[in-house]
Amino acid sequence: MSIKFSFDINKTIAALAFLARRKGAKLDMFLSIKRLYSADRRALASWGKTITGDKMVSMDQGPVLSTVYDLFKGRGTADNLREWKSYFGETVNNAVQLRRAVETDLLSEEEIDALEAAQDEIGSVAPWEVADFLHKLYPEWEDPHGGSRKIHPATILRQEGRTEDEIRMIEESAESFNQIEKMFSRL
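*Asks:* Please set out unusual backbone geometry residue by residue, giving values where relevant.
*Replies:* Phi angles above zero are rare outside glycine, and Asn94 is one such case at about 60°. Counting through the fold element by element, Asn94 comes out in the loop between helix H4 (78-87) and strand E4 (95-97). Relative accessible area serves as the criterion here: at 44%, Asn94 is assigned to the partly exposed category. The phi dihedral of His145 is positive, around 50°, even though this residue is not glycine. Mapping His145 onto the fold places it in the loop between helix H6 (130-137) and strand E5 (149-151).

Have a look at this one:
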């Protein structure tokens, strides 16, 4: 069983822009990725779908959204990088500046609530303690010993008390959504 979501660059940018508005349009890479991971995890646990659709991985400094991490590092697909760079400047001192306004209308009220909760949760911890805090808070994190390890959405769902039937329905829903998205992308 493998739940695969489709990465949504536009919702990711909207979510980061929402976080940036609360932080003066500048985003610290480490804290932003942790906040977005936390929001995605909350969304997954609550309604069986993430905000970004990104792959979750364990890295030495805690759980990370893989594609978002790459975008902060200036890596990714040409389409994603083009869209990213149209909204965010280059990463300088592990931070990016929002270049222009982003409409956050793509985000539902529930997604905004998840982002606010993640912002508050991570904001309540001293920046130098965030990695240890998340290692303890999120049991799906496994020490990758210098590399990265995939975090399976089903693992999080099980930790949150979802049954195998519920997990299977979430997997089927994600697969159906991915197939529909592929059909529309060919048009």
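*Asks:* Describe the sheet that holds E5, with residues and values.
*Replies:* Here we have 3 strands laid out as an open sheet, ordered E3-E2-E5, and antiparallel in their pairing. A strand with exactly one partner marks an edge of an open sheet, and here the two such strands are strand E3 (62-65) and E5. Each strand of the sheet is rotated relative to its neighbour by a mean of 40°, with strand direction disregarded. In this sheet, E5 lies alongside strand E2 (residues 56-59) in antiparallel orientation, the contact comprising 3 bridges. Bridging from a neighbouring strand, Val57 pairs with Lys150 of E5.

*Asks:* So what about the pattern of salt bridges? Which residues, and what values?
*Replies:* This model, assessed by the stated rule, comprises 9 salt bridges. A salt bridge links Arg42 to Glu121; the nearest nitrogen and oxygen atoms lie 3.0 Å apart. Remark: Glu121 occurs in helix H5 (residues 109-123) and Arg42 occurs in helix H2 (residues 29-47); sequence separation between them is 79 residues. On the basis of relative accessible area, Arg42 is assigned to the partly exposed category, the value being 29%.

*Asks:* Can you explain a negative patch on the surface? Please cite residues and give values.
*Replies:* On the surface, a cluster of negative charge is contributed by Glu109, Glu110, Asp113 and Glu116. Relative to the elements of secondary structure, Glu109 occurs in helix H5.

*Asks:* Please give an account of the packing of helix H1 (residues 9-21) against H2 that cites residues and values.
*Replies:* At a closest axis distance of 11 Å, the pairing of H1 and H2 adopts a crossing angle of 115°. The crossing of H1 and H2 is right-handed. Contacts from Thr12, Ala15, Leu16 and Leu19 of H1 reach H2 at Ser32, Arg35 and Leu36. Partitioned by chemical class, the residues of the contact of H1 with H2 number 4 nonpolar, 2 polar and 1 charged.

Cut-off values and rules
Here the residue index of a chain counts from 1 through its sequence in written order. Only residues with pLDDT of 70 or above have their local features reported here, since the model is predicted, and side-chain atom pairs are shown and tallied only from 80 upward, although totals for entire chains, interfaces and linings are computed over all residues. With hydrogens and water excluded, all non-hydrogen atoms of the structure serve as input to the side-chain values. Segments assigned H or I by DSSP are reported as helices when at least four residues long, segments assigned E as strands when at least two residues long, and all are numbered from the N terminus. Whether a residue is buried, partly exposed or exposed follows from its accessible area with a 1.4 Å probe, protein chains only, as a fraction of its type maximum: under 20%, in between, or over 50%, in that order. Here, any two strands with at least 2 DSSP bridges between them count as paired. To define axes, lines are fitted to C-alpha atoms, for helices over the stretch in contact only, and angles between the resulting N-to-C directions are given on a 0 to 180 degree scale. Here, a salt bridge means any side-chain nitrogen of Lys or Arg that lies within 4 Å of a carboxyl oxygen of Asp or Glu. Nonpolar side chains (Val, Leu, Ile, Met, Phe, Trp, Tyr) within 5 Å and like charges within 9 Å form the patches, drawn only from residues with over 30% relative accessible area and no salt bridge. Note that accessible areas follow from Shrake-Rupley with a 1.4 Å probe, and for residues the cover is restricted to the protein chains shown. By the counting rule applied here, Lys and Arg register as positive and Asp and Glu as negative, while His and the ends of each chain are not counted. Each charge is placed at NZ for Lys, CZ for Arg, CG for Asp and CD for Glu. In this scheme the handedness of a crossing depends on how the near helix is turned from the far one: anticlockwise by less than a right angle means left-handed, clockwise means right-handed. Residues count as neighbours in contact if any of their non-hydrogen atoms are within 4.5 Å of one another. In the scheme used here, Gly and all other residues not listed as nonpolar or charged are polar, with Ala, Val, Leu, Ile, Met, Phe, Trp, Tyr, Cys and Pro taken as nonpolar and Asp, Glu, Lys and Arg as charged.

Bear in mind that shape data such as this cannot, by itself, settle questions of function.
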